[in-house]
Amino acid sequence: MIRKYVILFGTLMVTCAQIALSNAETLPAGSTPDPIPLEHFPDRMHAFVWRNWEMVSLGQMAKVLQTTDQNVRRIGHSMGLPPQVAPPAEYQQRGYISIIRRNWHLLPYQQLLELLGWDEQQLAFTLREDDFLWIKLGALKPSCKPILYNEPDDSAASRCEHIRSVVEKYFGESLAKPCKPRFILIPNNAPPQKENAIPAIKTDKQEPVRFLYSYFGVFGDPLLNPDIDPYPDNLLQQLSSLGVNGVWLHVVLRQLAPGDLFSDSHGDHQIRIANLRKMVDRAKRHGIDIYLYINEPRAMPESFFHGREHIKGAREGDHCALCTSSPQVTQWIENALACVFRQVPDLAGVFTITASENLTNCYSHSRNAGGCPRCSKRSGPEVIAEINKAIAAGVWKGSPQAKVIVWDWGWPDGTNAGWGKPDWAEKIIQMLPDKVYLMSVSEWGKPIKRGNVPSAVGEYSISAVGPGPRALKHWEIAKKRGLKTIAKVQVNCTWELSALPYLPVMNLIARHCENLAKTDINGLMLSWTVGGYPSPNLQLVSQFQREPLPSAEQALKNVAQSRYGRKSAAHALDAWSCFSTAFAEYPFDISCVYRGPTQYGPANLLYPEPTRYTATMIGFPYDDLNGWRGVYPPEVFADQFEKMTSQWKQGLEILEKVPAKTDTPAQKENARQDIRITKAAGLHFDSVANQIRFILARDDLISGKLEKTQRDNKVTLIRNILTREINNAALLFELARDDPKIGFEASNQYYYTPLDLAEKVINCDYILNVSLPHWAMGENRPQ
């Protein structure tokens, strides 16, 4: 959820106002610093070939380098890369963020456009609108010089030969073994998980809402491009078998129903409506409803308001809000939603965000209405309640039975958990329409103490078991009004670690579900964009749809027996307990969650000298330890990840006993998959601890302030860290090669691919053999 990140991190020096582009054909640049040198490669050309070998065709790389396919192939083979398998077109359709990120410090914009096969307008739109990609990239574009092919000289050839020897030493023949294709995240022939499903007992009560986002949905425009289907039948089947009865879809309202405010000369809105209708009908066949995410009305470029000054609201950069204090705007919203729901009457409903994410109403990013001459004369609660009323009126005009779920995300409630004063939440809830649902993040505001450092949850968290005081307060106010309530939870994974489809911290999930069962809520939103995989965690949640409700202990036992068989259930329960105890030590802070290296784990490079770059939201952790650690002192921060790693390893040793005692081949495969995922998680935690210790020791060494004995001790410590990181990267390489789910998250795509982990080994070997000898002699590394 981007808006809180922007509010809290002044070091990024960027708001949504600053990411607006001056026109559709101007690409943003920011401060244009020098790119980070990658000295473990002979030069940037070799780095470019290595980093794109898995994702981009030889022909496209050759075009960028202005050379031949044969020359590119020769460069790759000189470094020990295996024969290239031509990437399918899907890699570019679903992996463009990964391609952009891996080339951000290598290519200037013009070559990046050539690599992607895009024009400036498409890249500009993607940077601004694709889940705030420009912010994730740091709101700056490194000043990269063009890379053109040059015949490698003797020095480059010698360095390539060494890289080849490193690759052979640590990977042997495994680098040449076929890698499972990326993006095959759920096999097309995967059957619904009938043997794992534990159906709810039917009652006279209305079925609670249980909805989530696609595990691999592209946060773009899937309704215009149905080939990028976020909800294929096999995924819907599996979700339904696990008790999920709804999924959600990101839309931009003007693209579905332009009305009298917007033009659509190509008629694309009709295509989107037709595809939406097909998607809804297909989901219905699996017992699953579709909800629309409504974050409206979206801001428009200032040029849009020429002749429309009466609807021009708060300004950010060159974009302005459509002022919802103008009746024309609220009427458009109402009419547009009515139009959508009349044409697609089987839509289940919507959920709204009205004080966060994109610039929408004049109070969505500002506590003073951004200087809007109309809204500044009204209160924030009044404006936010009014936009929710307009949304609800439109939905119900088109489909009276549809649900309207109002999310309190971003509403100030007078506490730090609600982003500080003023207290708006209660006033907004009192003014909402009678039939809406009120949704709140369950664990938000939950007090925690990790490493003896007190704090509170300020984002999604699995490590902290909800509900917290903010949600309980808001639900109580809503219930007194007669409104139904929904808990927003994450049960598979969160930004605490999102590079894996789920985390086996089952005791934490069971306790949260047990607690929520006592609160008399009316449903669950089970994921934001992260965490939609059909997993054993969802199977566990489905236990709490039964009547009578099981205890947490009984629910865990039921799932363990179903997933692994009766003979192995005890081992699974012991392992889950260890993993849950370990994860409860996670040093939760929004800095760690958003800016730390946990998502990348062993794939995050180590740097021989400080990069001076600030870690970005999810995109680039760099070596910005002070940006990662939040409220935790560096030593405590490292200690917490080391505690997690130690306890996690104990659980893994127990879980590895499960396959031998399973009853069926399917249960054995369940156990093997869970062991792969669990091993990968442990490698991430261990790597974060290593990275923290490396940065602390490196900075001490290059300070020149250490006595010889101290220096020798630091050199020994770094040598051990580098050895462990080489081992972690090599192990994760094997896991990721065999499981394309590892390293993937829907809105960020692949954090890393197998060859990124091989690059980390080359990176560590370089520091071990080039930088460390100079540090040992009291010298900084050679420039």
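Peer 1: How should the overall build of the chain be read in this particular structure?
Peer 2: Counting secondary structure elements, the chain contains 28 helices and 15 strands. A compact globule built from 783 residues would reach a C-alpha radius of gyration of about 28 Å, and the chain, at 26 Å, matches this within 12%. Seen through its principal axes, the chain has C-alpha atoms that stretch 75 × 70 × 50 Å. Counting all 783 residues of the chain, 64% fall into the buried class. Sequence separation of at least 24 residues holds for 78% of the intrachain contacts in the chain that already meet a minimum separation of 6. When the accessible surface of the chain is summed, it comes to about 28,300 Å², and 50% of that surface belongs to carbon and sulfur atoms. Looking at charge distribution, the chain has the averaged site of its 86 positive side-chain charges lying 4 Å from that of its 82 negative ones.

Peer 1: What's the story with the side chain of Lys 488 in this structure? I'm lost.
Peer 2: Structurally, Lys 488 can be placed in strand β12 (residues 484–488). The charged side chain of Lys 488 is buried without a salt bridge, its nearest counter-charge being Glu 443 at 5.8 Å.

Peer 1: What's the story with the packing of aromatic side chains in this structure? I'm lost.
Peer 2: To describe a pair of aromatic rings, you give the distance between the ring centres and the angle between the ring planes. Considering all chains together, one arrives at 41 aromatic pairs under this definition. An angle of 55° between the planes, with centres 5.5 Å apart, marks the rings of Phe 583 and Tyr 586 as tilted. Like Phe 583, the residue Tyr 586 is buried in the burial classification. The positively charged end of Lys 141 is found above the aromatic ring belonging to Trp 104, 5.0 Å away from the centroid.

Peer 1: Would you explain the pattern of salt bridges in this entry?
Peer 2: Close approach of charged atoms lets side chains of opposite charge pair. Scanning all chains against the criterion turns up 35 salt bridges. Close ionic contact of Asp 739 with Arg 676 constitutes a salt bridge, the shortest N to O distance being 3.4 Å. Here Asp 739, found in the loop between α27 (708–738) and β14 (744–745), pairs with Arg 676, found in helix α26 (residues 665–703); they are 63 residues apart in sequence, far enough to count as distant. Each member of the pair, Asp 739 as well as Arg 676, is classed as buried. If you follow the salt bridges from partner to partner, you end up with Glu 635, Asp 639, Glu 642 and Arg 693 in one network.

Peer 1: I tried to follow the packing of helix α11 (residues 154–171) against helix α28 (residues 754–776) on my own but got confused; where do I start?
Peer 2: Axes are the key here: two packed helices are described by the angle between their axes and the distance separating the axes. In contact at an axis separation of 10 Å, α11 and α28 are set at 115° when each is read in the N-to-C sense. The element α11 and its partner α28 pack so that their crossing is right-handed. Of the residues in α28, those touching α11 at Arg 159, His 162, Ile 163, Val 166, Val 167, Tyr 170 and Phe 171 are Ala 758, Val 761, Ile 762, Asp 765 and Tyr 766.

Peer 1: Help me understand the sheet that holds strand β4 (residues 300–301), please; the structure alone is not making it clear to me.
Peer 2: Pairing between the strands of a sheet comes from backbone hydrogen bonds, and it takes one of two forms, parallel or antiparallel. One open sheet holds the three strands; their spatial order is β4-β6-β5, and the pairing between them is antiparallel. The sheet is open, and its two borders are formed by β4 and β5 (312–316), each paired with just one other strand. Sheet topology note: the β5/strand β6 (residues 319–322) ladder contains three bridges and is antiparallel. Across the sheet, residue Lys 312 finds its bridge partner in β6, namely Leu 322.

Peer 1: Would you mind showing me how to read unusual backbone geometry here?
Peer 2: For residues that are not glycine, phi is negative in most cases, and the peptide bond is trans in most cases. A cis geometry characterises the amide bond from Glu 296 onward to Pro 297, with omega recorded as -5°. Note that Pro 297 resides in the loop between β3 (289–294) and β4. Note that the residue after Gly 466, namely Pro 467, is joined by a cis bond; omega there is 5°. Position of Pro 467 among the secondary structure elements: in the loop between β11 (453–456) and α18 (469–480). In the Ramachandran plot, Ala 139 falls in the positive-phi region, its phi being about 55° despite a non-glycine side chain. As for its placement among the helices and strands, Ala 139 is situated in the loop between α10 (133–136) and α11.

Peer 1: Is there a simple way to think about the packing of helix α19 (residues 506–517) against helix α20 (residues 536–543) in this case?
Peer 2: At their nearest, the axes of α19 and α20 sit 10 Å apart, and the two run at 30° to each other. Relative to α20, the element α19 is oriented roughly parallel. Crossing handedness for the pair α19 and α20: right-handed. Contacts between α19 and α20 pair Met 506, Ile 509, Ala 510 and Cys 513 from the former with Pro 536, Asn 537, Leu 540 and Val 541 from the latter. In terms of residue class, the contact of α19 with α20 is made up of seven nonpolar, one polar and no charged.

Peer 1: What should I look at first to understand helix α4 (residues 58–65) in this one?
Peer 2: Since one α-helical turn is 3.6 residues long, residues separated by three or four positions face the same way. Among the residues making up α4, those that are buried are Leu 58, Met 61, Ala 62, Val 64 and Leu 65. When α4 is viewed along its axis, its buried side chains cluster within an angular range of 160° and face the same direction. With its phi angle positive at about 60°, Gln 66 sits one or two positions after the end of α4.

Criteria and thresholds
- Residues numbered from 1 in each chain as written.
- Predicted model: local features only at pLDDT ≥ 70, side-chain atom pairs only at ≥ 80, totals over all residues.
- Heavy atoms only, no water.
- Helix = DSSP H or I, 4+ residues; strand = E, 2+ residues; numbered from the N terminus.
- Rg over C-alpha atoms; globule rule 2.2 N^0.38 Å.
- Buried < 20%, exposed > 50% of the residue type's maximum accessible area, 1.4 Å probe, protein only.
- Contact = heavy atoms within 4.5 Å.
- Areas by Shrake-Rupley, 256 points an atom, 1.4 Å probe, with all protein chains shown as cover.
- Lys, Arg positive; Asp, Glu negative; His and termini not counted.
- Charge placed at Lys NZ, Arg CZ, Asp CG, Glu CD.
- Salt bridge = Lys/Arg side-chain N within 4 Å of Asp/Glu carboxyl O.
- Phe/Tyr/Trp six-rings, centres within 6.5 Å; stacked < 30°, edge-to-face > 60°.
- Lys NZ or Arg CZ within 6 Å of the ring centre and 35° of its normal.
- Axes fitted to C-alpha atoms, helices over the stretch in contact; angles between N-to-C directions.
- Left-handed = near helix turned anticlockwise from the far one by under 90°.
- Pairing = 2+ DSSP bridges.
- Parallel < 35°, antiparallel > 145°, perpendicular 65-115°, else oblique.
- Nonpolar A, V, L, I, M, F, W, Y, C, P; charged D, E, K, R; others polar.
- Arc of directions from axis to C-beta.

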